[in-house]
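Here is what each chain is made of, one letter per residue.
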Amino acid sequence: MSDIVLETKDLVKHFPITQGIVFQTQVGAVRAVDGVNIELRRGETLGVVGESGCGKSTLAKLLVGLEKPTSGAINVRNQNMVTLKGGELRRARRNIQMVLQDPYTSLNPRMTVGDIIGEPFEIHPDVAPKGDRQRKVQDLLDTVGLNPEHINRYPHQFSGGQRQRIGIARALALRPEIIVCDEPVSALDVSIQAQVINLLGALQDELGLSYIFIAHDLSVVRHISDRVAVMYLGKIVEIGNDEEIYEKPTHPYTQALLSAVPVPDPTLRGLRDQIVLEGDVPSPANPPSGCRFRTRCWKAQSICAEQEPLLEPRPNSPHPSACHFAEVRDVISAVE
């Protein structure tokens, strides 16, 4: 059996821009995700990083079926989720679940914790017999470090970190193989972030889970990820293991991203060159021709406007990079 549990092929999501009130006419499209190819292996954590608006959250919604792709394929265990329908799709979606960003708005305040965690059993009744559901919910609460006796409490009676644990328990209810984490700790205090990250790591070891971990905090991503994909304006521009991305970045955008991380050690600040990007991020409704980063890139040449660089190994890059002039730039990493 292949080690690849999730694979996307040329995944695209365009949101139409329309004009008119009664007779709406499409006048363009926001290219939120524009040809993403990723692979996730069994027991692996793939981190996805990039600035706000690059398409990370849209990618997460596509993977779990909350958004329908414009084109492309999402293969989970060699089943294309895009083409499945009805009962087949419902059964296949058990295998990939999601932990949402905000623990305060992702839980229904009118439902008890037991009802929230047990709701997946209502949709998939064959997973847990009715008489056994309360025990399973209590087991899930215990698994994520919460008191099983609090099954009848409401979300407002828990702290932010505890609410996120409830969200994790809900994601585990159907025993999925893959969990998509969309910035699961960004709304939490730093000390609570560490607890939730450690919980995710322990659950991965215990249950053999595979994670897509989306975040903007580079240090959190490095701590939990085996491989890291860097996203810019709807595309993956560089992908590699954590050491390759953080210590030997080859794409100019990755280098600029890492150079912007504050260095806490004052003796190292003068040893690192900070890359200041000029101009604004282009609109995803009208991205530049060729390389999308060329309007802000200090390496840009005429070929960058004429030919879009593919995400592939380059002569001066030890890992795939979508840059015609990719080369290793050693950085003094502030991300530990």
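Keep in mind that this is a model prediction, so the values were computed, not measured. (Residues numbered from 1 in each chain as written. Predicted model: local features only at pLDDT ≥ 70, side-chain atom pairs only at ≥ 80, totals over all residues. Heavy atoms only, no water.)

A.B. asks: Explain the packing of helix H5 (residues 160-172) against helix H6 (residues 190-207) residue by residue, including any values.
C.D. replies: Two elements in contact, H5 and H6, have axes whose closest approach is 10 Å; the angle formed by their N-to-C orientations is 20°. Looking at the two axes, H5 sits roughly parallel to H6. Between H5 and H6 the crossing geometry is right-handed. Each of Gly161, Gln164, Arg165, Ile168 and Leu172 in H5 lies in contact with H6, whose residues at this interface are Ile192, Gln195, Val196, Leu199, Leu200, Leu203 and Leu207. Here the contact of H5 with H6 is composed, by residue class, of 8 nonpolar, 3 polar and 1 charged. (Axes fitted to C-alpha atoms, helices over the stretch in contact; angles between N-to-C directions. Helix = DSSP H or I, 4+ residues; strand = E, 2+ residues; numbered from the N terminus. Parallel < 35°, antiparallel > 145°, perpendicular 65-115°, else oblique. Left-handed = near helix turned anticlockwise from the far one by under 90°. Contact = heavy atoms within 4.5 Å. Nonpolar A, V, L, I, M, F, W, Y, C, P; charged D, E, K, R; others polar.)

A.B. asks: I'd like to hear about the domain arrangement of the protein, residue by residue, with values.
C.D. replies: Taken domain by domain, the protein comprises domain 1 (4-225) and domain 2 (254-336). The C-alpha-based centres of domain 1 and domain 2 are spaced at 29 Å. Listed by partner, the interface residues are 10 residues for domain 1 and 12 residues for domain 2. For the pair domain 1 and domain 2, the summed buried area comes to about 930 Å², and 60% of that belongs to carbon and sulfur atoms. (Domains from an automatic or database assignment. Buried area = accessible area lost by both parts, 1.4 Å probe.)

A.B. asks: Could you give an account of the pattern of salt bridges, with specific residues and numbers?
C.D. replies: Taken as a whole, this structure holds 15 salt bridges when the rule is applied. When the shortest N-O distance is used, the salt bridge between arginine 135 and aspartate 132 registers 2.7 Å. Note that arginine 222 is salt-bridged to glutamate 247, the shortest N-O span being 3.0 Å. Taken as a pair, arginine 222 in helix H7 (residues 218-224) and glutamate 247 in helix H8 (residues 242-247) lie far apart in primary sequence, 25 residues in all. Given the relative accessible area of 15%, arginine 222 is considered buried. The structure contains a network of salt bridges with shared partners spanning Arg41, Glu44 and Arg227. (Salt bridge = Lys/Arg side-chain N within 4 Å of Asp/Glu carboxyl O. Buried < 20%, exposed > 50% of the residue type's maximum accessible area, 1.4 Å probe, protein only.)

A.B. asks: Explain a nonpolar patch on the surface to me, using residue names and the numbers behind them.
C.D. replies: On the surface, Ile21, Val22 and Phe23 cluster together to form a nonpolar patch covering roughly 450 Å² of accessible area. Among the structural elements, phenylalanine 23 can be located in the loop between strand E1 (4-19) and strand E2 (25-36). (Patch = residues over 30% accessible without salt bridge, like charges linked within 9 Å, V, L, I, M, F, W, Y side chains within 5 Å. Areas by Shrake-Rupley, 256 points an atom, 1.4 Å probe, with all protein chains shown as cover.)

A.B. asks: Describe unusual backbone geometry, and please don't skip the residues or the numbers.
C.D. replies: For residues besides glycine, phi is generally negative; the peptide bonds are generally trans as well. Within the chain, aspartate 10 stands out as a residue other than glycine whose phi angle is a positive 50°. Examined against the element boundaries, aspartate 10 turns out to sit in strand E1. Take aspartate 10: its relative accessible area is 48%, and that puts it in the partly exposed class. A positive phi angle, near 50°, is found at leucine 233, a position not held by glycine. For leucine 233, the location among the structural elements is in the loop between strand E10 (227-232) and strand E11 (235-241). Classification of leucine 233 as buried rests on a relative accessible area of 3%.

A.B. asks: Tell me about the pairing of strand E4 (residues 45-49), and please be specific about residues and values.
C.D. replies: Every regular strand shows the same layout, with side chains that alternate between the two sheet faces. Judged by how many residues are buried, E4 sits mostly within the fold: 5 of 5 residues are covered. Every second residue of E4 is oriented toward a common face, with Thr45, Gly47 and Val49 on one face and Leu46 and Val48 on the other, all of them buried. Pairing analysis gives 4 bridges linking E4 to E10, with the strands arranged parallel. The residue of E10 that forms the bridge with glycine 47 is valine 228. (Pairing = 2+ DSSP bridges.)

A.B. asks: Give a detailed account of the UniProt feature "domain: ABC transporter" (unreviewed entry) in the protein, specifying residues and quantitative values.
C.D. replies: Here the UniProt-annotated "domain: ABC transporter" (unreviewed entry) positions come out as residues 6-258. Structurally, residues 6-258 is divided into 35% helix and 27% strand, and its ends, taken at the C-alpha atoms, are 28 Å apart. (UniProt positions renumbered as here; feature names shortened; annotations may be inferred.)

A.B. asks: Got a sec to walk through the pairing of E10? Specific residues and values, please.
C.D. replies: Most of E10 is tucked away, with 6 of its 6 residues classed as buried. Every second residue of E10 is oriented toward a common face, with Arg227, Ala229 and Met231 on one face and Val228, Val230 and Tyr232 on the other, all of them buried.

A.B. asks: Quick one: what's the story with helix H1 (residues 56-64), residue by residue and with numbers?
C.D. replies: Across the 9 residues that make up H1, a large majority, 7, are buried. Looking only at H1, the buried set comprises Lys56, Thr58, Leu59, Ala60, Leu62, Leu63 and Val64. Following H1 by one or two positions, glycine 65 adopts a phi angle in the positive range, close to 90°.

A.B. asks: Run through the nonpolar core, naming residues and quoting values.
C.D. replies: If you look at the biggest cluster of nonpolar residues, it comprises 54 residues, and the most contacted ones within it are Ile168 and Phe213. Formed jointly, this core draws a minimum of three residues from each of two domains, domain 1 (4-225) and domain 2 (254-336). Discounting chain neighbours no more than four positions away, the residues touching phenylalanine 213 are Thr45, Leu46, Gly47, Val48, Cys181, Pro184, Ile197, Leu200, Val220, Val221 and Ile224. Judged by nonpolar contacts, the second largest core, of 30 residues, contains Val36, Ile38, Ala60 and Met231. (Core = buried A, V, L, I, M, F, W, Y, C linked by side-chain atoms within 4.5 Å.)

A.B. asks: I'd like to hear about the layout of surface pockets, residue by residue, with values.
C.D. replies: When its volume is computed, the largest pocket comes out at roughly 520 Å³. Forming the walls of the largest pocket are 18 residues, and the residues nearest its centre are Arg93, Gln97, Pro120, Ile123 and Leu174. For the lining of the largest pocket, the secondary-structure elements that each account for two or more residues are helix H2 (86-92), strand E7 (96-99), helix H3 (113-123) and H5. Looking at side-chain class alone, the lining of the largest pocket contains 10 nonpolar, 3 polar and 5 charged residues. (1 Å grid on protein atoms, 1.4 Å probe; cavity = no way out; pocket = protein on both sides within 12 Å on 5 of 7 lines; lining within 4 Å. Points joined across faces, edges and corners; volume = space filled by probe spheres on them.)

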